[in-house]
Amino acid sequence: MRVFAMLVMLVGMLLPGVAAAKPAKESEGVPVRVIVLDAERAPISTAVIRHPLEADRHRVNSVDGSWEASILYMPDGSELRFTPGMTLELEISAPGYMTQVFQYQVRKRKNVVELSLPKIEMDDTTIEEPVISFGRDLPREPNEAPPQ
Amino acid sequence: MRPPKMFRPVSMAILAALALPAFASGWSPFENTFPALPCQDGWAACLVDGTVGGGVLKDAAGRPLPADARFGWFDLKATQNVSPFTTLSAYNGPIGGAVAEAPQPPPEVRPTRTPDSQVADTTQNNGGSTTSAEGGWSSGGKSPSDPSTGASTGGSTVTPTAVASNTTTTTTGASTSGSGMRPGSPSNPATTGTTTTPTTTTTSGGGMRPGSPSSTGTTTGTMAPTPGTAQTVSNTPPVTSNPTTTTNNAVVAPVASAPQDDSCDDLVKLEPSAMMGQLRVGQSKCLEGRVASEGQQTTKDKVSRIMITNAEAKGDKSEWERLMKRHLEDIDRSDPDLCFKYALHLSRGGTGRAQGVIRWADYALENKAKWSGQTYKTRVFGLYKLRAEAANKLWQEAEKEFAEGERSDEKEAKAAKYRGQAKDYAREWLDYAKASTQDTKTAMALCVSSSGNRAFCEGG
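Just so it is clear, the model here is predicted, and its values are computed rather than measured. (Residues numbered from 1 in each chain as written. Chains lettered and ligands numbered in written order. Predicted model: local features only at pLDDT ≥ 70, side-chain atom pairs only at ≥ 80, totals over all residues. Heavy atoms only, no water.)

**A look at the confidence of the model for chain B**
Residues and elements named next belong to chain B.
Then, in step 1: The predicted model of chain B has a mean per-residue pLDDT of 68, with 52% of residues at 70 or higher.
Then, in step 2: Looking at the elements of chain B, mean pLDDT is at its lowest for helix α2 (residues 137–141), recorded as 36, and at its highest for helix α9 (residues 354–366), recorded as 95.
Then, in step 3: Taken together, the chains of this predicted complex give a pTM of 0.54 and an interface ipTM of 0.74. (pLDDT = per-residue confidence, 0-100. Helix = DSSP H or I, 4+ residues; strand = E, 2+ residues; numbered from the N terminus.)

Set out below in structure tokens:
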């Protein structure tokens, strides 16, 4: 009798645990975290992330350069939930850096992506500098003969 | 028998070390082709028409050229420096201001006592009678007991026998004529002419101290003290230090420096100097005055251009920037070359100058029709590039300010505005690069970065 009581208590303790381990709702999606870094592995505070079909751009956290979401809202009113197995395409850009488009297959968990952007190299050595003229060229007189 | 393995690296290292000197050839084979000194003959100043020039030479029309120019700037005719393979010219001037060459001293003259000739007044003879010292310093500085000077003490009279040739090669002024000699230094009795009357034949010149005992001629026979000789001979003008060969009686005329012409009426004449950055201060002041007072805008433009060219050739960037800004702001901004050059200069500065870059690039683009052909293509491409890069700098700055500082709507709006500007300018640059078949890589990167949309940039 005593053994039966203990068994009932044990089952009673386990049941709430199973209830808590229920998977997240399908409407929430799986969170995906993107961290944008520069070539020196420092976070780029001004980076933005955007889905190709999306109108808005999402700024990263200016401290650690990260952005996290589990759902995106498209211009046509539809929702794009991140589900395991789907391929996600994002455009990462920042002023002064080359824009990169990357594709990522969403997993069930631990969706953390680090991406580094190369700088845009500005080179003004290719510009040929003009020479200043003295401005001595005068229009020819009307009665002057043209040069031979 | 093979050497042990441990010796192989050592022997390799020795071989490598021995091979090194073979490559270490000196510079000497190239010295003639690439001289270290600016002048073609190796000296710091150049020999032009037989005289040592002051750093420039002139072409057939009298226009100054750089000393090392081998061909004329204006007429492309060969100058005297056309051959780089000439050898060093002989140098016959004074070195380091010292006496170039002192004549050999005469054999020592031993005073002979002449008991009968007691006419010499030894009390007045402290240098009045000398053997030959030209400048007077030598004789006057001698100790009275020195028998070689002819001065005697204790009632002795000296009859010097050393006689010099009449004509000698001397370096006037600072050389043997006395100014270079110190009081008390040994005299050279053989450097001047031999005369029987110790009077006015002289080369004494500038080194003479008034009242110092001196004589010029070599006296023979009984010598009388001539304390006033210095006054009789000191009427020669001060001589220069140019080495000249003169006879004893020659007087070297002073070389008067010509007054510098600082006028600026003839602007064409000033152009060569301005191109070399060699306008004098007086000329620059004159030009500055003309810019301020000139009534015609076209003349102001010409004067200002000369000043800008001079500052650029001199490498005076701050002055160049000041003059260029004044020219574009106050005189004329219709020359796209000037606007382009100024925009390019500003683009090398920080973000604070980016607005200026955009402004002057816009002015240059307004007048781009003055260019043609390949010049048009490269200049317009460069202007679009400068403008897009400047806008990108401004956008970066605004985004950083917004992201890292305290966020506000104003800052966000400012960042968005600069982003839009950067996007427009990048797109214009990209479009022109595509149309003129020039490099589109950086333009595309900027466009995609600022628009955030590759399709926007790739679309026609």
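**As for the confidence of the model for chain A**
Then, in step 1: Summarising the model, chain A shows a mean pLDDT of 81, and 78% of its residues fall at 70 or more.
Then, in step 2: Averaged over each element, pLDDT in chain A is lowest for helix α1 (residues 2–20) of chain A (68) and highest for strand β1 (residues 32–37) of chain A (94).

**Digging into the sheet that holds strand β9 (residues 112–116) of chain A**
All names here are of chain A.
Then, in step 1: Ordered by their spatial adjacency, three strands build an open sheet running β4-β1-β9, and the pairing between neighbours is mixed. Here the strands that pair on one side only, and so sit at the sheet edges, are β4 (66–69) and β9. Here the average twist between neighbouring strands, direction ignored, is 20°.
Then, in step 2: The pairing of β1 with β9 spans five bridges and is parallel. In the sheet register, Ile 35 faces β9, and the bridge partner there is Glu 114. (Pairing = 2+ DSSP bridges. Axes fitted to C-alpha atoms, helices over the stretch in contact; angles between N-to-C directions.)

**Focus: the interface of chain B and chain A**
Then, in step 1: Chain B puts 42 residues into the contact, and the matching count from chain A is 32 residues.
Then, in step 2: Contact between chain B and chain A buries roughly 3200 Å² in total, counting both sides, with carbon and sulfur atoms accounting for 56%.
Then, in step 3: Counting across the interface, chain B meets chain A through three salt bridges.
Then, in step 4: Across the salt bridge formed by Glu129(A) and Lys341(B), the nearest N and O atoms sit 3.1 Å from each other.
Then, in step 5: Connecting chain B to chain A are ten residue pairs in polar contact (both at pLDDT 80 or more).
Then, in step 6: Elements represented by at least two residues in the side of chain B that touches chain A include exactly α4 (267–275), α6 (297–314), α7 (317–331), α8 (336–347), α10 (373–404), α11 (409–435) and α12 (441–451) of chain B.
Then, in step 7: If you tally residues by element for the side of chain B that touches chain A, the top one is α10(B), at 13 residues.
Then, in step 8: By residue class, the composition of the side of chain B that touches chain A is 16 nonpolar, nine polar and 17 charged. (Contact = heavy atoms within 4.5 Å. Buried area = accessible area lost by both parts, 1.4 Å probe. Salt bridge = Lys/Arg side-chain N within 4 Å of Asp/Glu carboxyl O. Polar contact = N/O pair within 3.5 Å; in protein donor to acceptor, adjacent residues only side chain to side chain. Nonpolar A, V, L, I, M, F, W, Y, C, P; charged D, E, K, R; others polar.)

**Structural notes on the packing of aromatic side chains**
Residue and element names in this part refer to chain B.
Then, in step 1: Enumeration according to the criterion identifies five aromatic pairs over all chains in this entry.
Then, in step 2: Between Tyr 342 and Trp 360, the aromatic rings sit 6.0 Å apart at their centres with planes inclined by 70°, giving edge-to-face as the arrangement. Remark: Trp 360 occurs in helix α9 and Tyr 342 occurs in helix α8; sequence separation between them is 18 residues.
Then, in step 3: Aromatic pair Phe 381 and Trp 429: ring centres 5.9 Å apart, planes at 65°, arrangement edge-to-face. With Phe 381 in helix α10 and Trp 429 in helix α11, the pair connects residues that are 48 residues apart, well separated along the chain.
Then, in step 4: Counting every residue linked through ring pairs, the aromatic cluster contains Tyr 342, Trp 360 and Tyr 363.
Then, in step 5: The ring of Tyr 363 has Arg 333 lying over it, and the distance from NZ or CZ to the ring centre is 4.7 Å.
Then, in step 6: Lying across the ring of Phe 402, Arg 407 places its NZ or CZ 4.9 Å from the centre. (Phe/Tyr/Trp six-rings, centres within 6.5 Å; stacked < 30°, edge-to-face > 60°. Lys NZ or Arg CZ within 6 Å of the ring centre and 35° of its normal.)

**Brief notes about the packing of α10(B) against α12(B)**
Residue and element names in this part refer to chain B.
Then, in step 1: For the pair α10 and α12, the least separation of the axes is 11 Å and the interaxial angle reads 35°. The interaxial crossing formed by α10 with α12 has left-handed handedness. Counted together, Ala 388, Glu 389, Asn 392 and Trp 395 of α10 and Leu 446, Ser 449 and Ser 450 of α12 form the full contact between these two elements.
Then, in step 2: Here the contact of α10 with α12 is built from residues that sort into three nonpolar, three polar and one charged. (Left-handed = near helix turned anticlockwise from the far one by under 90°.)

**Some words on the nonpolar core**
Then, in step 1: Among the nonpolar cores identified, the biggest contains 63 residues, and Leu287(B), Ile306(B) and Met324(B) are the most heavily contacted of them.
Then, in step 2: The element best represented in this core is α10(B), accounting for eleven residues.
Then, in step 3: Residues in contact with Leu287(B), not counting those within four places in the same chain, are Cys264(B), Leu267(B), Leu270(B), Leu279(B), Val303(B), Ile306(B) and Met307(B).
Then, in step 4: Core analysis: the next-biggest nonpolar cluster, separate from the first, contains 25 residues, Ile49(A), Ala94(A), Tyr104(A) and Val106(A) among them. (Core = buried A, V, L, I, M, F, W, Y, C linked by side-chain atoms within 4.5 Å. Buried < 20%, exposed > 50% of the residue type's maximum accessible area, 1.4 Å probe, protein only.)

**A look at the environment of Leu65(B)**
Residue and element names in this part refer to chain B.
Then, in step 1: In this fold, Leu 65 is placed in strand β4 (residues 64–66).
Then, in step 2: Under the relative-accessibility criterion, Leu 65 is labelled buried at 1%.
Then, in step 3: Between the C-alpha atom of Leu 65 and that of Pro 272, which follows or precedes it by 207 residues, the distance is 7.7 Å.

**Here's the deal with unusual backbone geometry**
Residue and element names in this part refer to chain A.
Then, in step 1: With a phi close to 65°, Arg 41 is a non-glycine residue in the positive phi region.
Then, in step 2: Relative to the assigned elements, Arg 41 resides in the loop between β1 and β2 (48–50).
Then, in step 3: Given a relative accessible area of 52%, Arg 41 falls into the exposed group.
Then, in step 4: Residues other than glycine seldom take positive phi values, yet Lys 110 does so here, at roughly 55°.
Then, in step 5: Looking at where Lys 110 falls in the secondary structure, it is placed in the loop between β8 (100–105) and β9.

**Brief notes about the packing of α4(B) against α6(B)**
Residue and element names in this part refer to chain B.
Then, in step 1: Across the interface, α4 lies against α6 with an axial gap of 8 Å and an inter-helix angle of 20°. It follows from the interaxial angle that α4 and α6 lie roughly parallel. The hand of the α4/α6 crossing is left-handed. Counted together, Leu 267, Leu 270, Glu 271, Ser 273, Ala 274 and Met 275 of α4 and Lys 302, Val 303, Ile 306, Thr 309, Asn 310 and Ala 313 of α6 form the full contact between these two elements.
Then, in step 2: Across the contact of α4 with α6, the residue classes break down as seven nonpolar, three polar and two charged. (Parallel < 35°, antiparallel > 145°, perpendicular 65-115°, else oblique.)

**Structural notes on α12(B)**
Then, in step 1: Most of α12(B) sits out of view: ten of its eleven residues are buried.
Then, in step 2: Looking at the buried positions of α12(B), the neighbouring elements they touch are β7 (87–93) of chain A together with α10, α11 and α13 (454–458) of chain B.

**As for the state of the cysteines**
All names here are of chain B.
Then, in step 1: Under the counting rule described, the total for this entry stands at two disulfides over all chains.
Then, in step 2: Disulfide pairing is shown between Cys 264 and Cys 286; the S-S distance is 1.9 Å. Since a negative S-S torsion denotes a left-handed disulfide, the Cys 264-Cys 286 link at about -70° is left-handed. On the criterion of sequence distance, the pair formed by Cys 264 in the loop between α3 (229–233) and α4 and Cys 286 in helix α5 (residues 281–293) is long-range, its members being 22 residues apart.
Then, in step 3: Overall, Cys 264 belongs to the buried group, its relative accessible area being 1%.
Then, in step 4: Residue classification places Cys 286 among the partly exposed positions, given a relative accessible area of 24%. (Disulfide = S-S within 2.5 Å.)

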